[in-house]
Amino acid sequence: MSSEATRRLALDFAGQIAPAGSIDVRRFFGGSALVRNGAQFGFVMKGMLYLRVDDAMRAEFEADGSEPFSYRAAGREVTVRRYYAVPAHVIDDPALLHAYSQRALHATPTAGHKLSDTMLAFNPSD
């Protein structure tokens, strides 16, 4: 998926989540970040929407078969357990997508406030 297609998809999700203009879509490595009031609460990467999760959302997403964001770097797989792929049934339900996005915003630290339950997990590749 091209960077322009990723940006269009991110803008589409942003439009579904909140009123026009209330979510900024910014470049984010090979994708597009979803940012509200300076806090990144989600992103679109390779056609997939990822949202910031707290422990409860992580459990719900895992129960739906979703996985955390991961990528390869320096010869190993890096797993970012604070962002999970949004299940298809959530994306297909605008009210549910909006509700999960609001929860993701609440799970996102703002300037000067860090959440203690967020961490980056490194998994060695096999």
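Here goes a summary of the coordinates provided. (Residues numbered from 1 in each chain as written. Predicted model: local features only at pLDDT ≥ 70, side-chain atom pairs only at ≥ 80, totals over all residues. Heavy atoms only, no water.)

Side note on the packing of aromatic side chains
Thought 1: Throughout the structure, instances matching the rule amount to 8 aromatic pairs.
Thought 2: On the basis of an interplanar angle of 50° and a centroid distance of 5.1 Å, the ring pair of F61 and Y100 is categorised as tilted. In this pair, F61 sits in helix α2 (residues 55-63) while Y100 sits in helix α4 (residues 94-106), placing the two residues 39 residues apart along the sequence.
Thought 3: Overall, the relative accessible area of 9% leaves Y100 in the buried class.
Thought 4: Centroid distance F69 to Y71: 5.8 Å. Interplanar angle 35°. Geometry classified as tilted.
Thought 5: Looking at Y71, the relative accessible area reads 35%, which means it is partly exposed.
Thought 6: Members of the aromatic cluster, connected to one another through ring pairs, are F28, F29, F43, Y50, F69, Y71 and Y83. (Phe/Tyr/Trp six-rings, centres within 6.5 Å; stacked < 30°, edge-to-face > 60°. Helix = DSSP H or I, 4+ residues; strand = E, 2+ residues; numbered from the N terminus. Buried < 20%, exposed > 50% of the residue type's maximum accessible area, 1.4 Å probe, protein only.)

Digging into the side chain of T108
Thought 1: Residue placement: T108 occurs in the loop between α4 and β7 (121-123).
Thought 2: Classification of T108 by relative accessible area gives buried; the value is 6%.
Thought 3: Separated by 2.7 Å, the side chain of T108 and the backbone oxygen of A104 make a polar contact. (Polar contact = N/O pair within 3.5 Å; in protein donor to acceptor, adjacent residues only side chain to side chain.)

Quick look at the pattern of salt bridges
Thought 1: Counting across every chain of the model gives 6 salt bridges.
Thought 2: A salt bridge links R81 to E62, with the shortest nitrogen-to-oxygen separation between them at 3.4 Å. With R81 in strand β6 (residues 76-85) and E62 in helix α2, this pair connects stretches of sequence that are 19 residues apart.
Thought 3: On the accessibility criterion, R81 (28% relative accessible area) is partly exposed.
Thought 4: Judged by relative accessible area, E62 falls into the partly exposed class, the value being 39%.
Thought 5: In this structure, the salt-bridge partner of R72 is E77, at a minimum N-O distance of 3.7 Å.
Thought 6: For R72, a relative accessible area of 52% corresponds to the exposed category. (Salt bridge = Lys/Arg side-chain N within 4 Å of Asp/Glu carboxyl O.)

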